[in-house]
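Here is what each chain is made of, one letter per residue.
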Amino acid sequence: MVRLKNYVLDRWQEGQAPFRTLVDPATEQVVAETSSNGLDFAGILTHARTVGGPGLRSLTFAERGALLKAMSRALHAQRDRLLDVAMTNGGNTRSDAKFDIDGATFTLSHYARIGAALGDQKLLADGESQVINPAMARFHGRHFWAPLRGAAVHINAFNFPAWGTFEKAACALLAGMPIITKPATSTSWLAYEMSRIVVDAEILPAGAFQFIGAGVGDLLDHLTGQDVLAFTGSADTGALLRGVAGHVSGSARVNVEADSLNALVVGPDVERRDAVYDAVVRNITTEMTQKAGQKCTAIRRIMVPAGLVDALVEDVGESLDRIRVGVPTVKGVRMGPLTTAGQLRDYREGVAKLARVARIVYGSPSEVCAEGAEGKGYFAAPVLLQVDADTDAGPVHDHEVFGPVATVLAYDGSAAAAGALVARGKGSLVTSVFSSDRDFLGELLPEVAAWNGRVLTVDKKVADQATPHGMVLPGLLHGGPGRAGGGAELGGERGLHFYMNRTAVQGNRALIAKLLG
Ligand code: NAP
C-alpha cells in the first residue's frame, strides 16, 4: 500500500493520522492512504502569494507556455505507469484512463501553444485603444488583463483526477497565478503521481505549485479578494463552498463546475439507420458507458420524436449488449466499475427515483454480469429508461444519476417542445442536436444556446466527423449556466480571464502602448 504525501511549501510533507484509505473499485482492496491533517493551510496560501506569484509574474506568456509544454512532455513520458494507476484506483478501462490522462497532457500542450502565440507580453490587451474625445488626440483608453496577486485554489471531482487537475493548472499558470490543487480524496493517487512527476522534473518556479492530497482544512477561510477558487463537483458542495465566509467577506472569485442534466435532441428529419441516426446511437452508447457514465458531460436526457422512440430504444439496447462490463484488466472489457461504494449506492437510489416517473427499458440497477469480478467491486449495469410524451417527468430533469444511466423522452418533433424539455434541466454543460433540418435547427439553437455552455450540432454532412458529445476541448468553453454551476473554464485564451483582473487604463496613448504592450 502506498502512503501519499502533500507537496506544500516546496517540500513533500506527510499528513498526520487518521489516514483516509483509497481502494481499487474492481476488487475493493485498499491500495493507498492519505492525509492532509496538520498542514499549515494559511502558510500554504501565503507561500503561493509571496513566492509563487512573483516568480510566475516575472515570466512572459511565452516563457510560462514553455513550462506547460515541459509539464506535458514529462507527464506523457510516464504515460504507461500513470495508466496503471488510473486503472487501479479509478476503476478505469485502459481507454477511459487514456481519455483522462491524454486529456490532461493535450490541454497542457494546447495552452503551451497559446502562451507561445502571446509571446513576450506579461499583460493581455483586450480590444483596441479608444479615442475618448476627438479634441484630445493623445489621451486614450484601453482595457488590459493583469494576473491577480493571490493564489488559485483548485478543488476537483473524483472522476477526472488527471484532466481536472491539469486543465485548471494550465489556465492558471499561463495567466501567471500560483496554484494549490486538491483532487477528490477517493481517487487522489493519480493526481499525486502526476504531481510527483511535475515536481521531480523541477519545471515550475518555487511556490507555483502545491498539492494537497485530502481535505483542505481551514484553507478557504483565509482567501482574500485577490485569490480565486475553482471548484468542480456536486451542486451541493459547490453551493456550500460559495457560501464559506472567507469568500463572501474577501470577495474571492469562485468558479463552480457542477452537476448537469445534459441533453441530446434527435430532430424530426432523422430516420432509422441514416448516418445521423447511427451517430446518435454511437454517442448514446459512448456517453452511457465511457468511464461507466461518470462524466459531468454525459448524456442524461434523450429527446426523441415519438414515432422513432421504439426503434431507438431497440438499437441502443443492441449497441449496449456489445459492451462487456467487468474488471478493467480483463481483455475485451469495455466498462469498469463505479468509483466508490457510495457511488454505487447513489446509482441504485438514483435509478429508483427515476423509475417512479419512467419505465426501465434496458438493464437493471440490481443485476450486473461483471467479468472477472469474483463477487467484489462496485459494478453497475447500463440502464436506459423511457418517459412517454404525456408524463411529467420531474426527477428526470432534476436528478443526475452519476453512472451509466440515461432516459429517453418522447416529444412531438417541434423545436418548441424540444427547447422546453432542454430548458427543464435548468442549465447544462452541453446539449447535442442531431438534425439536418435547417428550420428546426434555426429555431432550436438560439433557445438551447441560452441554457448550455456548449452546443454540439450534428447534421448529415458532419455525422462522421463530429467530436463526441462528452468531449471537452481546450479551445472551447467548458461550463454551463444555472444548475451546471454558472462556471466558465477553458475556451482558449478566455480561460485565462478568471485568473486575471480586467482594468481600463487611461492616459497618453504612446506611453501606455510602450509600458503595457
Ligand atoms: P463532491 O462530493 O462535491 O466533491 C468534489 C470535491 O469537493 C472533492 O475534492 C471533495 O473532497 C471536495 N469537498 C467536499 N466537501 C468539501 C468541503 N466542505 N470543503 C472543501 N472541499 C470539499 O463531488 P464528487 O462526488 O467528487 O464529484 C461528482 C460530481 O461532480 C458529479 O455531480 C458531477 O456532475 C460533478 N462534476 C462536474 C464536472 C464539471 O466540469 N462540471 C466535472 C466532473 C464532475 P473530498 O473528496 O476530500 O471529500
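Please read all numbers here as calculations on a predicted model, not as lab measurements. (Residues numbered from 1 in each chain as written. Predicted model: local features only at pLDDT ≥ 70, side-chain atom pairs only at ≥ 80, totals over all residues. Heavy atoms only, no water.)

## Describing the packing of aromatic side chains
Piece 1. With the rule as written, the count across this model stands at seven aromatic pairs.
Piece 2. Summarising the aromatic geometry, the rings of Tyr7 and Trp12 are spaced 4.9 Å apart at their centres and angled 55° between planes, so their arrangement reads as tilted. Of the two residues examined, Tyr7 and Trp12, each falls in the buried class.
Piece 3. Here the aromatic rings of Tyr192 and Phe211 are separated by 6.1 Å at their centres, their planes lie at 50°, and the arrangement is tilted. (Phe/Tyr/Trp six-rings, centres within 6.5 Å; stacked < 30°, edge-to-face > 60°. Buried < 20%, exposed > 50% of the residue type's maximum accessible area, 1.4 Å probe, protein only.)

## What to know about the environment of Ala62
Piece 1. Considering the arrangement of structural elements, one finds Ala62 in helix α2 (residues 61-77).
Piece 2. On a C-alpha basis, the gap between Ala62 and Lys122 in space is 9.1 Å, while along the polypeptide they are 60 residues apart.
Piece 3. When residues no more than four places from it in sequence are discounted, the contact partners of Ala62 are Gly115, Ala116 and Gly119. (Helix = DSSP H or I, 4+ residues; strand = E, 2+ residues; numbered from the N terminus. Contact = heavy atoms within 4.5 Å.)

## Thoughts on the sheet that holds strand β19 (residues 452-458)
Across a sheet, strands are paired by hydrogen bonds formed along the backbone, either parallel or antiparallel in direction.
Piece 1. Overall, mixed pairing links the seven strands, which are arranged β15-β16-β17-β14-β13-β18-β19 in an open sheet. Looking along the sheet, the strands with just one partner apiece sit at the ends: β15 (359-362) and β19. On average, each strand axis in the sheet is tilted by 25° relative to the strand beside it, whichever way the strands run.
Piece 2. Pairing analysis gives four bridges linking strand β13 (residues 263-266) to strand β18 (residues 428-434), with the strands arranged parallel. Across the sheet, the residue bridging to Val265 is Val433, located in β18.
Piece 3. The strands that helix α13 (residues 415-423) touches are β13, β14 (301-305), β17 (405-411), β18 and β19; relative to β14, the one it contacts most, it runs at about 170°. (Pairing = 2+ DSSP bridges. Axes fitted to C-alpha atoms, helices over the stretch in contact; angles between N-to-C directions.)

## Here we look at the nonpolar core
Piece 1. Among the nonpolar cores identified, the biggest contains 65 residues, and Phe166, Leu496 and Tyr499 are the most heavily contacted of them.
Piece 2. Elements with a contribution of two residues or more to this core: β5 (30-34), α2, α3 (79-90), α4 (94-118), α5 (161-175), α6 (188-200), β10 (209-211) and β11 (228-232).
Piece 3. When neighbours within four sequence positions are excluded, Leu496 is seen to be in contact with Phe61, Tyr111, Leu118, Leu124, Cys171, Leu174 and Ala175.
Piece 4. With 39 residues, the next largest nonpolar core counts Ala358, Phe379, Val387 and Val396 among its residues. (Core = buried A, V, L, I, M, F, W, Y, C linked by side-chain atoms within 4.5 Å.)

## Re the site of the ligand
Piece 1. The ligand sits among 27 residues. The nearest are Asn156, Thr185, Ser234, Thr237 and Glu400.
Piece 2. With respect to the ligand, the backbone of Asn156 contributes an N or O atom lying 2.7 Å from an oxygen atom.
Piece 3. Within the backbone of Ala184, an N or O atom sits 3.5 Å from an oxygen atom of the ligand.
Piece 4. In isolation the ligand has 900 Å² of accessible area, and contact with the protein removes 81% of it.
Piece 5. More than half of the atoms belonging to the ligand lie within 2 Å of the grid points that define the largest pocket.
Piece 6. In terms of residue count, helix α7 (residues 235-242) provides more of the shell around the ligand than any other element does, three residues in total.
Piece 7. Lining the shell around the ligand are residues from two domains, each supplying at least three of them: domain 1 (40-259 + 488-516) and domain 2 (262-473). (Near = heavy atom within 4 Å. Polar contact = N/O pair within 3.5 Å; in protein donor to acceptor, adjacent residues only side chain to side chain. Areas by Shrake-Rupley, 256 points an atom, 1.4 Å probe, with all protein chains shown as cover. 1 Å grid on protein atoms, 1.4 Å probe; cavity = no way out; pocket = protein on both sides within 12 Å on 5 of 7 lines; lining within 4 Å. Sits in = over half its atoms within 2 Å of the grid points. Domains from an automatic or database assignment.)

## Observations concerning the domain arrangement of the protein chain
Piece 1. Taken domain by domain, the protein chain consists of domain 1 (40-259 + 488-516) and domain 2 (262-473).
Piece 2. Taking only C-alpha atoms, the centre of domain 1 and the centre of domain 2 are 32 Å apart.
Piece 3. Each partner contributes residues to the interface: domain 1 has 19 residues there, and domain 2 has 22 residues.
Piece 4. In total, about 1600 Å² of surface goes out of reach between domain 1 and domain 2, with carbon and sulfur atoms giving 64% of it.
Piece 5. The interface formed by domain 1 and domain 2 includes zero salt bridges.
Piece 6. The set of elements that each furnish at least two residues to the side of domain 1 that touches domain 2 consists of α3 and α4.
Piece 7. The residue makeup of the side of domain 1 that touches domain 2, split by class, is seven nonpolar, eight polar and four charged. (Buried area = accessible area lost by both parts, 1.4 Å probe. Salt bridge = Lys/Arg side-chain N within 4 Å of Asp/Glu carboxyl O. Nonpolar A, V, L, I, M, F, W, Y, C, P; charged D, E, K, R; others polar.)

## Some details on α4
Piece 1. With 25 residues, α4 extends 36 Å from end C-alpha to end C-alpha; this agrees with the ideal 36 Å at 1.5 Å per step.
Piece 2. Positive phi shows up at Gly119, right after α4, with a value of about 70°. (Expected span 1.5 Å × (residues − 1).)

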